[in-house]
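Geometric and topological summary
Residue-level listing of the chains:
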Protein chains: 2
Amino acid sequence: MKKVTLKDIAAHFGVSISTVSKAINDSYEISNDLKLKIQAYAKEKHYKPNRLALNLLNKSTKTIGVVVPNILNYFFVQVLYGIEKVANESGYNIISCISNESSAKETKTLEFFDAGTVDGVIMSLAEESQNEDKHEALLDVINNDIPVVLFDRVSDNVQCDKVVVDDLEAGYKITKYLINIGCKNIAVVNPISSSSVGKLRLLGYKKALEEFDIPFDPKLIINLTIKDDLDLLMSFLLNYKTIEGIIGIDELIAVQVLQVVKARGYNVPNDISIIGFTNGQLSKYVTPSLTMVSQHGKYIGEQTAKLLINRIKNPGLPYETKTVKTSLLVRDSTKKVE
Amino acid sequence: MKKVTLKDIAAHFGVSISTVSKAINDSYEISNDLKLKIQAYAKEKHYKPNRLALNLLNKSTKTIGVVVPNILNYFFVQVLYGIEKVANESGYNIISCISNESSAKETKTLEFFDAGTVDGVIMSLAEESQNEDKHEALLDVINNDIPVVLFDRVSDNVQCDKVVVDDLEAGYKITKYLINIGCKNIAVVNPISSSSVGKLRLLGYKKALEEFDIPFDPKLIINLTIKDDLDLLMSFLLNYKTIEGIIGIDELIAVQVLQVVKARGYNVPNDISIIGFTNGQLSKYVTPSLTMVSQHGKYIGEQTAKLLINRIKNPGLPYETKTVKTSLLVRDSTKKVE
DNA sequence: CTGAAAGCGCTAACAA
DNA sequence: TTGTTAGCGCTTTCAG
């Protein structure tokens, strides 16, 4: 059975389409008798107004498009939850797409959104896009008056609302923490070294070192991609110097570093303390459980959605950037202060 | 700047809308001269055809709606990857929604899809929906001639294409495996006891017991919800009898069981062997790494998407149910065979 | 109380 | 080579 339309119902009753439309929308203009008959028939036939037609008419879709780089990253999952919560409360649907860190995929998705399918866009840049720092598709969207809110991985070259994590402060805070529990040589393992987030965390790290007059040693920084052999890189690192602390720039890398370090016979946290970013499931169940930086993903999602919906309703306000502070979740992978 | 339409461009050149449409679509009917001018202007103004209008016209959206119950479950994430891969290859966009195991949310999403927004639907039932086994919204979708493919968590009361995991066989296989490595009392911890998947796995478990003439002891089966206190339930279990093997019905529960068991002083795998379902990140990095059943989520996603796209193209074929076999991934949480 | 007509943005058959 | 018209499914004036 094909979808029933107003036309079909009108034909069935021998009345006009507009009469049916009014009857179904319970207009006072239609006689109770007809209204009841039409409504009953519509229910029976499972009539449902065609959204496409509605959207075309209203120039509004009541849906928000979301682009996240990587769904395996717990942080983004949490943000998604937050977005969905607020969106649903405000009567918006969300359609989520994964760019998978690819700028081509990101562009494709944005073009899809730009063609009238959504009322607004929420996005965190793919790493590749941050590298290139070209954002034509995104600028097109903004240019077409479709509100955009960027979160977490943002660009200074795009003018729009933003919600960011205070990553510099976080990097600074945890480095200080490690120094305070007695770590002298602190390494950083960074799988997202070219993203704004990765850079800021490193900047925070440097700032803390400076404050304690510890010279910055580039050999302690491991930037890697998925293709690199972590085990090998770690072996260089561990043979280079006595390392007392390691910062993993995301959750997965922190867990992997922990594995390698353990496999090489080091005790965590007695020999080496480890801190990672993102408070997800992995870090919690690993042995020892990892001390992590929580970015409050769900809260970020909520703020992002609120910002977007607010802008959809009141265009023309000046752009806003919200900064969300992180918290440190101390668990068993860091030495206790004596 | 509001979105540019054909009308705007037509007005700018003082030609008709259809001329502009043809020019932009590079029709041979239009003079080269005009075509070039119009195309240049369109590009300059970032013209993009309105998808809503197109979709309405073509009665096709080239998008697939996906509903998954829980994005924190690695299995579903993998399925999503598989779906997305095949869909993209065939020129389909996907819009994914999370039902969060709630049947109300599921219904809302299905109604959204049912209103002409997608060409087909891929779904795995929310646990609540499987409990109630009412699927009105879903039947409405099918009734409206929108193809549906159900995967993993399916219902016999819904007639459509399906892709399922051979969960009975998997439950059977791993129980036999545990028996063969010497486990006598094997417990099952089941957080999805009311889902088809959970039931089938338990059935496989029973089948294996029968085969080995081991009497089924309901006290060894722990059905629980998120609200239940796993630690407490496990303490009852472990005090009840000497347990040599535990089956965790999903990944997270297997990991949590491992934690509890370790915390209570048992050695895994020497005292107790543990097997879980779903080969995700967690089970890999936990200590000891967990022996798991892999359901080949990505492959399932691919098959599901293929089935759906095939049905969109050829409606009227008889419904099909594909069964995908699992594999056992032996790691360190199960005793080695002597 | 009911219907005709316009229009959302677009394409395609058909005229000119 | 260009324009007119109709129509996708719907709502909303404005007439009847």
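Residues numbered from 1 in each chain as written. Chains lettered and ligands numbered in written order. Predicted model: local features only at pLDDT ≥ 70, side-chain atom pairs only at ≥ 80, totals over all residues. Heavy atoms only, no water.

Chain A is annotated in an unreviewed UniProt entry as Transcriptional regulator, LacI family from Maribacter litoralis.

Residues and elements named next belong to chain A. The full count for this structure, using the stated rule, is 30 salt bridges over all chains. Put simply, R311 and D161 hold a salt bridge, and the shortest N to O gap is 2.3 Å. You can see R311 sitting in helix α14 (residues 297-313) and its partner D161 sitting in strand β5 (residues 161-165), a full 150 residues away along the chain. Of the two residues, R311 and D161, both sit in the buried class. Here K325 makes a salt bridge to D166, at a shortest N to O gap of 2.9 Å. Of this pair, K325 sits in the loop between β11 (321-324) and β12 (327-329) while D166 is found in the loop between β5 and α9 (167-180), placing the two residues 159 residues apart along the sequence. (Salt bridge = Lys/Arg side-chain N within 4 Å of Asp/Glu carboxyl O. Helix = DSSP H or I, 4+ residues; strand = E, 2+ residues; numbered from the N terminus. Buried < 20%, exposed > 50% of the residue type's maximum accessible area, 1.4 Å probe, protein only.)

What follows is about unusual backbone geometry. For the peptide bond that leads from A:V268 to A:P269, omega is 15°, which places it in the cis range. Note on placement: A:P269 falls in the loop between α12 (251-263) and β9 (273-277). Between A:T287 and A:P288 the backbone carries a cis peptide bond, its omega angle lying at -10°. Within the secondary structure, A:P288 sits in the loop between α13 (281-285) and β10 (291-294). For A:K62, which is not glycine, the phi torsion reads 55° and is therefore positive. Inspection of the secondary structure puts A:K62 in the loop between α4 (51-58) and β1 (63-68). Positive phi, close to 50°, is recorded for B:K59, a residue that is not glycine. On the secondary structure map, B:K59 appears in the loop between α4 (51-58) and β1 (63-68).

Moving on to the environment of A:G82. Residues and elements named next belong to chain A. With respect to the helices and strands, G82 occurs in helix α5 (residues 74-89). Residue G82 is classed as buried on the basis of its relative accessible area, which comes to 0%. In this structure, G82 is in contact with K298, G301 and E302, ignoring residues within four places of it in sequence. (Contact = heavy atoms within 4.5 Å.)

Here we come to the protein's contact with DNA strand D. In the vicinity of DNA strand D there are 28 residues, among which A:L6, B:S18, B:T19, B:K22 and B:K59 approach most closely. Here DNA strand D approaches the protein such that, of its atoms within 4 Å, sugar and phosphate make up 63%. Take B:K59: an N or O atom from its side chain is 2.2 Å from a phosphate oxygen of DNA strand D. For the surface near DNA strand D, the secondary structure elements donating two or more residues are α1 (6-13), α2 (17-24) and α4 of chain A together with α2 (17-24) and α4 of chain B. Here the surface near DNA strand D is built from residues that sort into 13 nonpolar, nine polar and six charged. (Near = heavy atom within 4 Å. Polar contact = N/O pair within 3.5 Å; in protein donor to acceptor, adjacent residues only side chain to side chain. Nonpolar A, V, L, I, M, F, W, Y, C, P; charged D, E, K, R; others polar.)

What follows is about the nonpolar core. Formed by 90 residues in total, the largest nonpolar core has its most connected members in A:M234, A:I246, B:M234 and B:I246. Non-local contacts of B:I246, meaning those with residues more than four positions away in its chain, are made with B:A187, B:V189, B:M234, B:V257, B:V261, B:I272, B:S273, B:I274 and B:I275. Counting 52 residues, the second largest nonpolar core, distinct from the first, contains A:F75, B:V66, B:I71 and B:F151. (Core = buried A, V, L, I, M, F, W, Y, C linked by side-chain atoms within 4.5 Å.)

Residues and elements named next belong to chain B. The end-to-end C-alpha separation of helix α5 (residues 74-89) is 23 Å, in line with the 22 Å expected for 16 residues at 1.5 Å each. Within α5, burial applies to F75, F76, V77, V79, L80, G82, I83, E84, V86 and A87. G91 lies just past α5 and shows a positive phi near 80°. (Expected span 1.5 Å × (residues − 1).)

Before going further, it helps to spend a moment on the sheet that holds strand β7 (residues 221-223) of chain A. Residue and element names in this part refer to chain A. The strand order across the open sheet built from six strands is β7-β6-β8-β9-β10-β12, with neighbouring strands paired in mixed fashion. On the outer flanks of this sheet lie β7 and β12, each paired with one strand and no other. On average, adjacent strands in this sheet sit at an angle of 20° to one another, irrespective of strand direction. Pairing analysis gives four bridges linking strand β8 (residues 245-248) to β9, with the strands arranged parallel. (Pairing = 2+ DSSP bridges. Axes fitted to C-alpha atoms, helices over the stretch in contact; angles between N-to-C directions.)

With that settled, the discussion passes to the packing of helix α9 (residues 167-180) of chain B against helix α10 (residues 196-211) of chain B. Residues and elements named next belong to chain B. Packing of α9 against α10 brings their axes to within 7 Å, and their N-to-C directions diverge by 40°. One finds that α9 runs oblique with respect to α10. In this structure, α9 meets α10 at a crossing whose hand is right-handed. Between α9 and α10, the contacting residues are D167, L168, G171, Y172, T175, K176 and I179 on the first element and V197, L200, R201, L203, G204, Y205, K207, A208, L209 and E211 on the second. A breakdown of the residues in the contact of α9 with α10 according to their chemical character gives nine nonpolar, three polar and five charged. (Parallel < 35°, antiparallel > 145°, perpendicular 65-115°, else oblique. Left-handed = near helix turned anticlockwise from the far one by under 90°.)

It is worth spelling out the protein's contact with DNA strand C at this point. Lining the immediate surroundings of DNA strand C are 27 residues, of which A:T19, A:K22, A:K59, B:L6 and B:Y47 lie closest. Expressed as a percentage, the sugar and phosphate content of the atoms of DNA strand C within 4 Å of the protein is 67%. Separating a phosphate oxygen of DNA strand C from a backbone N or O atom of A:S16 is a distance of 3.1 Å. Between DNA strand C and B:N50, the relevant distance is 3.2 Å, taken from a phosphate oxygen to a main-chain nitrogen or oxygen of the residue. Looking at the surface near DNA strand C, the elements that each hand over two or more residues are α2 and α4 of chain A together with α1 (6-13), α2 and α4 of chain B. Element by element, the count of residues in the surface near DNA strand C is highest for α2(B), at four residues.

Residues and elements named next belong to chain A. Per the domain assignment, the segments making up chain A are domain 1 (6-49), domain 2 (62-164 + 297-324) and domain 3 (167-295). Listed per partner, the contact involves 13 residues of domain 2 and 14 residues of domain 3. Applying the counting rule to domain 2 against domain 3 returns zero salt bridges. Our enumeration of links across domain 2 and domain 3 arrives at four residue pairs in polar contact (both at pLDDT 80 or more). Among the elements of the structure, α5, α7 (127-132) and α14 are those that each provide at least two residues to the side of domain 2 that touches domain 3. Its residues assigned to classes, the side of domain 2 that touches domain 3 comprises five nonpolar, five polar and three charged. (Domains from an automatic or database assignment.)

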